[in-house]
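Structural description and commentary
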Amino acid sequence: SQQGEEDPQALSIQEGENATMNCSYKTSINNLQWYRQNSGRGLVHLILIRSNEREKHSGRLRVTLDTSKKSSSLLITASRAADTASYFCATSTSGTSGSRLTFGEGTQLTVNP
Amino acid sequence: EAEVAQSPRYKITEKSQAVAFWCDPISGHATLYWYRQILGQGPELLVQFQDESVVDDSQLPKDRFSAERLKGVDSTLKIQPAELGDSAMYLCASSLGGQETQYFGPGTRLLVL
């Protein structure tokens, strides 16, 4: 079952604009990760934010985490056509079987040149 | 740069036939994962290995799916017999530890006719 829910499901913007994607989850987490997937390919890890962190930056990416609201956001600044892809949030949780990564449904981002 | 290898990249089979997918994780990664991704959805964990041991197969349909990692390195996922609903992308990933970044292979796209 999917824990994370991404919003919006699809986003279309012009090159140079910023793109913001949101993720909500239901249970306590160890960390939250964002991945990118180009059409028909495997997933590529973008950034990991731990449960005791509130904000993290990596190049043009900015991730925030609000554990009180059980939500995270991914901001891509100055978007490029090459950023067109599906973006997934994934929550790492601990259970009886050890740690598990649970992915959301994804946001399809289209950056128009 | 080390990558996760998967084969085949594409597989077309008829229902009731047996299929097998192979994965070679990044050298030194003790944790290996198999995911199934239905078109338009996020990946869903099927099975997780720590070295040669299964630590989570709660979502694996054990009546038809099996997975092994005999020497704690490469892994095979088998479906027998395949059903129409098994058509999906099968992704393999590996990580150093269970909570950290996962590195994904390119996936095997399965079509069951």
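The following paragraphs examine the structure supplied in this document. All values derive from a computational prediction rather than experimental measurement.

**Details of the pattern of salt bridges**
Enumeration according to the criterion identifies seven salt bridges over all chains in this entry. The partner of Glu55(A) in a salt bridge is Arg62(A), with the nearest N and O atoms 3.2 Å apart. Looking at Glu55(A), the relative accessible area reads 39%, which means it is partly exposed. The salt bridge partner of Arg64(B) is Glu83(B), with a shortest N-O separation of 3.4 Å. Here Arg64(B) is found in the loop between strand S6 (53–56) and strand S7 (65–68), whereas its partner Glu83(B) is found in the loop between strand S8 (75–79) and strand S9 (88–95), with 19 residues between them in sequence. Residue Arg64(B) is classed as buried on the basis of its relative accessible area of 13%. When its relative accessible area of 42% is taken as the criterion, Glu83(B) is described as partly exposed. Ionic contacts of the salt-bridge type, sharing partners, join the residues Arg64(B), Glu83(B) and Asp86(B) into one network.

**Here we look at the environment of Leu43(A)**
Its location among the elements puts Leu43(A) in strand S5 (residues 43–50). Here the alpha-carbon distance between Leu43(A) and Glu105(A), two residues 62 residues apart in the chain, equals 13 Å. Contact partners of Leu43(A), with chain neighbours within four places excluded, come to Tyr35(A), Arg36(A), Gln37(A), Phe88(A), Phe103(A), Gln37(B), Pro43(B), Leu91(B) and Phe104(B).

Conventions we followed
- Residues numbered from 1 in each chain as written.
- Chains lettered and ligands numbered in written order.
- Predicted model: local features only at pLDDT ≥ 70, side-chain atom pairs only at ≥ 80, totals over all residues.
- Heavy atoms only, no water.
- Salt bridge = Lys/Arg side-chain N within 4 Å of Asp/Glu carboxyl O.
- Buried < 20%, exposed > 50% of the residue type's maximum accessible area, 1.4 Å probe, protein only.
- Helix = DSSP H or I, 4+ residues; strand = E, 2+ residues; numbered from the N terminus.
- Contact = heavy atoms within 4.5 Å.

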